[in-house]
Amino acid sequence: MQLNAWSFAEDNYLFSAFDIAIKQYDHTMGLLIKNGTVVTAADFHRADVLIEGEHVKAIGHDLKADGAEVVDAKGMFVMPGGIDPHVHLDMPFMGTFSSDDYSTGTLAALHGGTTTVIDFILQTQGKSLRHALETWQGRMNGNLFGDLSWHMAVTDFNDDTKKEVKEMIEQEGITSFKTFMAYKGALMIDDRQMVGLMNEVKAHGGIVTVHATNGDMIDFLVQKHRTEGKLSPLYHYLSQPEITEAEATGRFADMASYTGVPAYIVHMTCEGALNHVREAARRNQRVLAETCIQYLLLDASLYEKPDGAKWVMSPPLREKKDQAALWGAIDQGTVQVVATDHCPFSMEQKAMGKDDFSKIPNGHPAIEHRMELLFSEGVNKKRITVNKFVEVTATNPAKIFGMFPRKGTIGIGSDADIILFDPNEKHTLSAKTHHMNTDYSGYEGMQLTGKVKTTILRGQVAVHNGEVKIKKGYGQFVKRNKVSGML
Ligand code: URP
Ligand code: ZN
Ligand code: ZN
């Protein structure tokens, strides 16, 4: 029976979920989730889900399975495990390393219902993509709790790098290539390199993603503020005005249009950038766009606080009008993904920039709470439907990055990456209780409604009621398929 998502959701909220009892965690005999409300990007219905081995075997009414453990999920939303396509784990950056490694980061993700993440490999300028891949494999191997894939960040596109694009896509299953139009002198590439990379990636079936802000303008403003002795975190924000992002977004979209490469803009923050994506759509170009949970919920007034360094990230938090524009763009489909850009640091690391905003490591922790924050602030506050929630947290990332329908949905034959989510449970975010390896939360004290109760990864209960049921090493590297840039 198909029901209107809103009315059913509201009725459903009238009764509370009771505690789910799960006795065994090794489900070789199967796991049968009964009486829940199965939500995908397209559907919303009462159904049972039968898991056998790592996959979904059946979805239907009154399913039976001899030997399978039965889980009563009454009152729960049964949804696809989240896919966060923008995280930075154990990453060397600004003179330090992001503080979650592959084990703490993927475990924190599982606690919050995210079963797969896509992390970034950074090419060292002057060295090969293969060299970077092997370095990152050394950090990752044996350490995963959750599943993970990589984007390859190309920081030096030349004749040698060009030859490696095909082998990354075809041999390694790394089909997305990240570029930086900012971080001048470190990660930034110029437009000549960008166009060269786009041509090569298009030729072999990949997608180019971008941190789209104008690195030269930002560099100018950073130096200007430093020279004037304006060194507090507020000047991080004032060194990256909206125009720096809007300009680069338009330039990237134009280069993507010229080359025809599938194109994806990461961590979009503002109305000016969105307008360039809409401009591209008017000429029938699809430019895919991601925003991050913090840009929907937090704003630039935080930079005036004494602990403003906590929210120093690039691009910076923006204005309330940008939040409204981003919520609207999600609803309209102009923004297809809500990620985190999880790049955590401790307060001690943030203090590297206590006397100079340009030395504060950029980034903030969010991998654990993206799903619960978006549900509470988005679905429960009626800014987005629950189907849209699934679409932007799981289905679209899987489609865009070549993992669908293996991941990103609950379908027969898909990986059994599933969360049991109580839409009514209230809880409070705090660094005292979170699992991310950082000593602060950007959302300290925030009260949420809606909680992940159980996270299932490839058929195994990974986390249940906050207890971890798998061992380090259970997570797998996900080789991805070629992509088209279409959804
Ligand atoms: O501040 C951020 N976003 N840090 C991580 C690197 C990046 O630009 O995504
Ligand atoms: Zn970035
Ligand atoms: Zn990032």
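These numbers were taken from a predicted model, which means no experiment stands behind them.

Basis of the calculations
- Residues numbered from 1 in each chain as written.
- Chains lettered and ligands numbered in written order.
- Predicted model: local features only at pLDDT ≥ 70, side-chain atom pairs only at ≥ 80, totals over all residues.
- Heavy atoms only, no water.
- Buried < 20%, exposed > 50% of the residue type's maximum accessible area, 1.4 Å probe, protein only.
- Helix = DSSP H or I, 4+ residues; strand = E, 2+ residues; numbered from the N terminus.
- Pairing = 2+ DSSP bridges.
- Right-handed = clockwise from strand over helix to strand, strands pointing away.
- Donors = N, O, S within 2.8 Å, 3.2 Å for Na, K, Ca; no water.
- Tetrahedral: all angles 85-135°; square planar, octahedral: opposite > 155°, others 65-115°.
- Salt bridge = Lys/Arg side-chain N within 4 Å of Asp/Glu carboxyl O.
- Near = heavy atom within 4 Å.
- Polar contact = N/O pair within 3.5 Å; in protein donor to acceptor, adjacent residues only side chain to side chain.
- Nonpolar A, V, L, I, M, F, W, Y, C, P; charged D, E, K, R; others polar.
- Axes fitted to C-alpha atoms, helices over the stretch in contact; angles between N-to-C directions.
- Parallel < 35°, antiparallel > 145°, perpendicular 65-115°, else oblique.
- Contact = heavy atoms within 4.5 Å.
- Domains from an automatic or database assignment.
- Buried area = accessible area lost by both parts, 1.4 Å probe.
- Phe/Tyr/Trp six-rings, centres within 6.5 Å; stacked < 30°, edge-to-face > 60°.
- Lys NZ or Arg CZ within 6 Å of the ring centre and 35° of its normal.
- Expected span 1.5 Å × (residues − 1).
- Bend = angle between axes of the 7 residues up to and from the residue.

**Here's the deal with the pairing of strand β9 (residues 114-122)**
Of all the nine residues making up β9, nine are buried; the element is thus mostly covered by neighbouring parts of the structure. Two strands pair when backbone bridges link them, and strand β6 (residues 82-87) and β9 are joined in this way by four bridges, in the parallel orientation. Bridged to Gly82 within β9 is Thr114. Here seven bridges tie β9 to strand β10 (residues 147-153), and the two strands are oriented parallel to one another. From the neighbouring strand, Asp119 faces β10, where its bridge partner is Trp150. For the crossover from β9 across helix α3 (residues 129-140) to β10, the handedness is right-handed.

**Examining the coordination of the zinc ion (ligand 2)**
Donor atoms from the polypeptide that coordinate the zinc ion (ligand 2) comprise His211 (ND1) and His267 (NE2), at 2.0 to 2.1 Å from the metal. Around the zinc ion (ligand 2) sit four donor atoms, and with donor-metal-donor angles ranging over 56 to 153 degrees the site reads as irregular. Between the two metal centres, the zinc ion (ligand 2) and the zinc ion (ligand 3), the spacing is 3.8 Å. Residue His211 is found in strand β12 (residues 207-211), and its partner His267 is found in the loop between β13 (263-265) and α9 (271-282); the two are separated by 56 residues along the sequence. With respect to burial, His211 and His267 carry one shared label: buried.

**Things to note about the pattern of salt bridges**
Pairing between side chains of opposite charge can happen when the charged atoms of each approach one another. Inspection of every chain in the model, using the stated rule, returns 34 salt bridges. Ionic pairing is found between Lys381 and Glu377, a salt bridge with its closest N-O pair at 3.1 Å. Take Glu377: its relative accessible area is 9%, and that puts it in the buried class. For Asp415, the salt bridge goes to Arg406, with nearest N and O atoms at 3.4 Å. Here Asp415 falls in the buried class, since its relative accessible area comes to 4%. Note on Arg406: relative accessible area 34%, which makes it partly exposed.

**Structural notes on the site of ligand 1**
The full set of residues close to ligand 1 is His86, His88, Phe93, Tyr183, His211, His267, Met313, Ser314, Asp341, Cys343, Asn362 and Gly363. His86 has a polar side-chain atom sitting 3.5 Å from an oxygen atom of ligand 1. Per-class residue counts for the shell around ligand 1 are four nonpolar, seven polar and one charged.

**Brief notes about the sheet that holds β10**
The eight strands are arranged β6-β9-β10-β11-β12-β13-β14-β15 in an open sheet whose pairing can be described as parallel. Whereas interior strands pair on both sides, the edge strands pair on one side only; in this sheet they are β6 and β15 (337-339). When the angles between neighbouring strand axes are averaged without regard to direction, this sheet yields 30 degrees. Of the pairings in the sheet, the one linking β13 to strand β14 (residues 287-292) comprises three bridges and is parallel in character. From the neighbouring strand, Ala263 faces β14, where its bridge partner is Val287.

**Quick word on the packing of α3 against helix α4 (residues 159-170)**
For any two helices packed against each other, the geometry comes down to the angle between their axes and how far apart the axes lie. The contact between α3 and α4 brings their axes to 9 Å, and the two run at 50 degrees. One finds that α3 runs oblique with respect to α4. For the pair formed by α3 and α4, the contact residues are Leu129, Arg130 and Leu133 on the first element and Thr161, Glu164, Glu167 and Met168 on the second. Looking at side-chain class alone, the contact of α3 with α4 contains three nonpolar, one polar and three charged residues.

**Some points on the domain arrangement of the chain**
Parsing the chain into structural domains produces domain 1 (7-80 + 413-468) and domain 2 (82-400). Taking only C-alpha atoms, the centre of domain 1 and the centre of domain 2 are 28 Å apart. Together domain 1 and domain 2 conceal approximately 3500 Å² of surface at their shared face, both sides included; 64% is due to carbon and sulfur atoms. On the domain 1 side of the interface with domain 2, the three residues burying the most area are Met436, Tyr440 and Tyr443, jointly 21% of the side's total. Two residues, Asp147 and Arg458, come together in a salt bridge whose shortest N-O distance is 2.8 Å. At the junction of domain 1 with domain 2, the criterion picks out 17 residue pairs in polar contact (both at pLDDT 80 or more).

**Digging into the packing of aromatic side chains**
Taken as a whole and judged by the stated rule, the model has eleven aromatic pairs. Directly above the ring of Phe404 sits Lys399, whose terminal nitrogen or CZ lies 5.0 Å from the centroid. Positioned above the aromatic ring of Tyr474 is the side chain of Arg458, whose terminal nitrogen or guanidinium carbon lies 4.5 Å from the ring centre.

**Comments concerning helix α14 (residues 386-400)**
Taking 1.5 Å of rise per residue, 15 residues should cover 21 Å, and α14 covers 20 Å from first to last C-alpha, within 8% of that figure. Approximately 45 degrees is the largest bend angle found in α14, and it occurs at Val392. Counted residue by residue, α14 has 13 buried out of 15 residues, so it is predominantly covered. Looking one or two residues past α14, Gly402 carries a phi angle of roughly 75 degrees, positive in sign.

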